[in-house]
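# Architecture and fold: a report
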Amino acid sequence: MCAAPSFAFADDADTYVDYYLNVGGKLQKSFQISYAELMQDGQDDILKCSCGMSPAIVNVQVTGMPLENIVEMADLEDDINTVVFKGSDGYSVSVSLKKALEKNAMLVYKVGGEGLKPEAGGPVQLWMSGAAASYFTRQVTDIEFIHSDSEADAKTPDEAQRAKVSVLNSFEDAAFAKGSQISFEGYADDFDVAISAVEFSLDGGETWTSYETANATAEKWVYWHFGFVPEAAGTYQLSVRARTADGSRDAGRVLQPHGNYCRPAADFCGASEKFLQ
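Now for a quick tour of the structure.

Conventions and cut-offs
- Residues numbered from 1 in each chain as written.
- Predicted model: local features only at pLDDT ≥ 70, side-chain atom pairs only at ≥ 80, totals over all residues.
- Heavy atoms only, no water.
- Salt bridge = Lys/Arg side-chain N within 4 Å of Asp/Glu carboxyl O.
- Helix = DSSP H or I, 4+ residues; strand = E, 2+ residues; numbered from the N terminus.
- Buried < 20%, exposed > 50% of the residue type's maximum accessible area, 1.4 Å probe, protein only.
- Pairing = 2+ DSSP bridges.
- Axes fitted to C-alpha atoms, helices over the stretch in contact; angles between N-to-C directions.
- Core = buried A, V, L, I, M, F, W, Y, C linked by side-chain atoms within 4.5 Å.
- Contact = heavy atoms within 4.5 Å.

## Quick look at the pattern of salt bridges
Pairing between side chains becomes possible if they bear opposite charge and their charged atoms approach one another. Counted according to the given criterion, the structure contains 5 salt bridges. One salt bridge in this structure joins K26 and D79, with 2.6 Å as the shortest N-O distance. Placement of K26 in the loop between β2 (20–25) and β3 (31–34) and of D79 in the loop between α2 (67–73) and β6 (82–87) is noted, with a sequence separation of 53 residues between them. Classification of D79 by relative accessible area gives partly exposed; the value is 30%. Its salt-bridge partner being E199, residue R243 comes within 3.1 Å of it at the nearest N-O pair. Here R243, found in strand β17 (residues 236–244), pairs with E199, found in strand β14 (residues 195–201); they are 44 residues apart in sequence, far enough to count as distant. Each member of the pair, R243 as well as E199, is classed as buried.

As structure tokens, this is what we get:
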């Protein structure tokens, strides 16, 4: 869903007037929800979309019906513990009902205020905070509530697909006047763990200056700005890394530069390098 082109969004709700979402499984009575009913009970949320195969990351507004609302409509039997989402192409995912509700699973029909076309997963796509993209079932047609002897937990991305630290500026063969400020900007994110601080080094990582990001949450990536005033002529290397709020990551995860962003090579923070002269 990252960077879907404009043609991937529907022009108006009438496009899906014949769409129905089938809700069944271990219920007293199966039922359907029309596209119009989804829209009547729609809610807005801001979710983070992070691509695992590129540096792309964005906070996006989505509109849809929370799974919690559908659960309230259904007369679930006491032993229901799993929910199955099925797409029109036969693709399906199963997840613990408890985990799906904790992760605020939503049947989304608008992204950025625009209705979804089929090529973007429309008319309805499953979105679930803190889950891997494989759970974002496209063109959802059926939801089933069942009992499973082994509840399927929601998978998270592999380590190589989650942490990103980036410097967005690019200075090729640039020279700056001594005493003038040079401004940098970039972002930091670690998927489902909040960034607690962004740190900067100008001596090859010998020393670091840390700036806390007190209001950061796991749901939104950190966009940072950093100003540096060189007091002497020379060549400077700016390294950037981010620390997370998860205690298991405090020891330091090292990210290796990959283009203009980084991926983790071992166990915690990020280093993205630019050179100044």
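## Re the sheet that holds strand β16 (residues 222–228)
Hydrogen bonds between backbone atoms are what pair the strands of a sheet, whose relative direction is either parallel or antiparallel. Strand order across the open sheet formed by 3 strands is β12-β13-β16, with antiparallel pairing between neighbours. Of all the strands in the sheet, just β12 (164–167) and β16 have a single pairing partner and so form its edges. Each neighbouring strand pair of the sheet contributes to a mean axis angle of 20 degrees, computed without reference to strand direction. Bridge analysis of β12 against strand β13 (residues 182–189) gives 4 bridges, and the strand direction is antiparallel. Bridging across to β13, K164 finds its partner in D189.

## Quick look at the nonpolar core
Ranked by size, the top nonpolar core spans 43 residues in total, and within it L67, I70, V83, F85, I143 and F145 carry the most contacts. Among the elements that make up this core, the one with the highest residue count is strand β8 (residues 106–111) (5 residues). Among residues more than four places away in sequence, those in contact with V83 are L67, V93, S94, V95, L97, A100, I143, E144 and F145. The next biggest cluster of nonpolar side chains, apart from the first, holds 16 residues, and it includes F184, I195, V198 and F226.

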